[in-house]
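Fold and contact review
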Amino acid sequence: RVQDIIDDKLFKVMIIVLISLNAIFVGVTTDLSVRRAVETFHSRSGGQYGDILMSDFVIYTEGFFNVVFLLELILRIAAHEFRFCCGDDWKWNVFDALVVIVSFVEMFVLAIGLSFSYIRVLRLFRVLRAMRMLRLLRFLPLFNKLHAVSLAFARCRTMLVCAVMCLTLLVFVFSIIFTTAVTGYISDAEYTDVHIDKLQTFFGSLSMTMLTLFMSVSGGLDWWDICDLLFEVGVGYVLVFLVFVFITVLAVLNVINAIFVNDAVDATVHDLDLRSQAELAENRLMLSR
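Residues numbered from 1 in each chain as written. Predicted model: local features only at pLDDT ≥ 70, side-chain atom pairs only at ≥ 80, totals over all residues. Heavy atoms only, no water.

To continue, consider the packing of aromatic side chains. Summed over the entire model, instances satisfying the criterion amount to eight aromatic pairs. The interplanar angle of 65° and the centroid separation of 6.1 Å between the aromatic rings of tryptophan 224 and phenylalanine 231 together place this pair among those described as edge-to-face. The class of tryptophan 224 is partly exposed, set by a relative accessible area of 47%. Overall, the relative accessible area of 38% leaves phenylalanine 231 in the partly exposed class. The structure contains a cluster of three or more aromatic residues connected by ring pairs, namely Phe174, Phe178, Trp223, Phe241 and Phe244. (Phe/Tyr/Trp six-rings, centres within 6.5 Å; stacked < 30°, edge-to-face > 60°. Buried < 20%, exposed > 50% of the residue type's maximum accessible area, 1.4 Å probe, protein only.)

Attention now goes to a negative patch on the surface. Among the surface-exposed residues, Asp222, Asp225, Asp228 and Glu232 lie close enough to one another that they form a single negatively charged patch. Along the chain, the position of aspartate 225 falls in helix α11 (residues 223-233). Since its relative accessible area comes to 41%, aspartate 225 is described here as partly exposed. (Patch = residues over 30% accessible without salt bridge, like charges linked within 9 Å, V, L, I, M, F, W, Y side chains within 5 Å. Areas by Shrake-Rupley, 256 points an atom, 1.4 Å probe, with all protein chains shown as cover. Salt bridge = Lys/Arg side-chain N within 4 Å of Asp/Glu carboxyl O. Lys, Arg positive; Asp, Glu negative; His and termini not counted. Charge placed at Lys NZ, Arg CZ, Asp CG, Glu CD. Helix = DSSP H or I, 4+ residues; strand = E, 2+ residues; numbered from the N terminus.)

Turning next to the UniProt feature "transmembrane region" (unreviewed entry) in the protein chain. UniProt marks residues 13-34, 57-78, 98-122, 160-182, 202-224 and 236-260 with the feature "transmembrane region" (unreviewed entry), using the numbering shown here. Split by type, residues 13-34 is 100% helix and 0% strand. Its first and last C-alpha atoms lie 32 Å apart. Span residues 202-224 is 74% helix and 0% strand, its end C-alpha atoms 13 Å apart. (UniProt positions renumbered as here; feature names shortened; annotations may be inferred.)

The next point concerns the pattern of salt bridges. According to the stated counting rule, one finds one salt bridge in the structure shown. For arginine 76, the salt bridge identified is with glutamate 72, shortest N-O distance 3.0 Å. Placement of the pair is arginine 76 and glutamate 72 together in helix α3 (residues 56-80), with a separation of four residues, close to one helical turn. The exposure class of arginine 76 is buried, given its relative accessible area of 6%.

On the surface, Leu169, Phe172, Val173, Ile176, Ile177, Leu206 and Tyr237 cluster together into a nonpolar patch covering about 550 Å² of accessible area. Mapped onto the fold, phenylalanine 172 is located in helix α8 (residues 157-188). Using a relative accessible area of 33% as the deciding quantity, one classes phenylalanine 172 as partly exposed.

Printed below as a string of structure tokens:
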């Protein structure tokens, strides 16, 4: 039966290998595309669409992967029938179908030739190629440890939203303080003030101030650079910035990490599949002794 084929572990492993090879292929072609685009730009050759690889090897390899994944999709449709869109895995099935459709549309755009009308669509599809790698998540239950990690991520999504909202609110409040302070400083500054450009870069708008504060506590910016600028605005604002860093790094982020760890452990403990597999492994260990 077709159902036995797609449920066979060897078949799933083969699909995992093919998806992994396709991921490597996409990575290599993406690297070659950017290198070719840079070379085309610097050579001033005037060639258009230097980022689009048109070699026979790339086209045939892409076609091979697309055909294989199409055959896999057909097997799943034949095995699941109406359950393909209504069963427990309908979301993954629809996602797989969309990935295959996008891949064949990309091949069709290449086949009809490159023109300005289609090049933007093709580049969009090439960006969407990265979505193919998400198909690996479907097979994570085959690997206990990876399944535990994916389950922890899935169970923590609500907490993630709450954490983002909490952090955004904190950054927003402090951004208003610093933006207001910088606004006053710029309004009173002399035309020859050498700090205006940097202040405008980091605090030129409320959104830019929020980005600056977030980057300063997440490794994107050295927060001493921000302190150095705020010294010009006022020493008090340096202290406010240090309070922001202290609250965010030592309090908010650590609390969020602790909650995530607790939820992740709780999710894996209560998962029936992981519990049964752990008990089976423990029983085998006891029998071996």
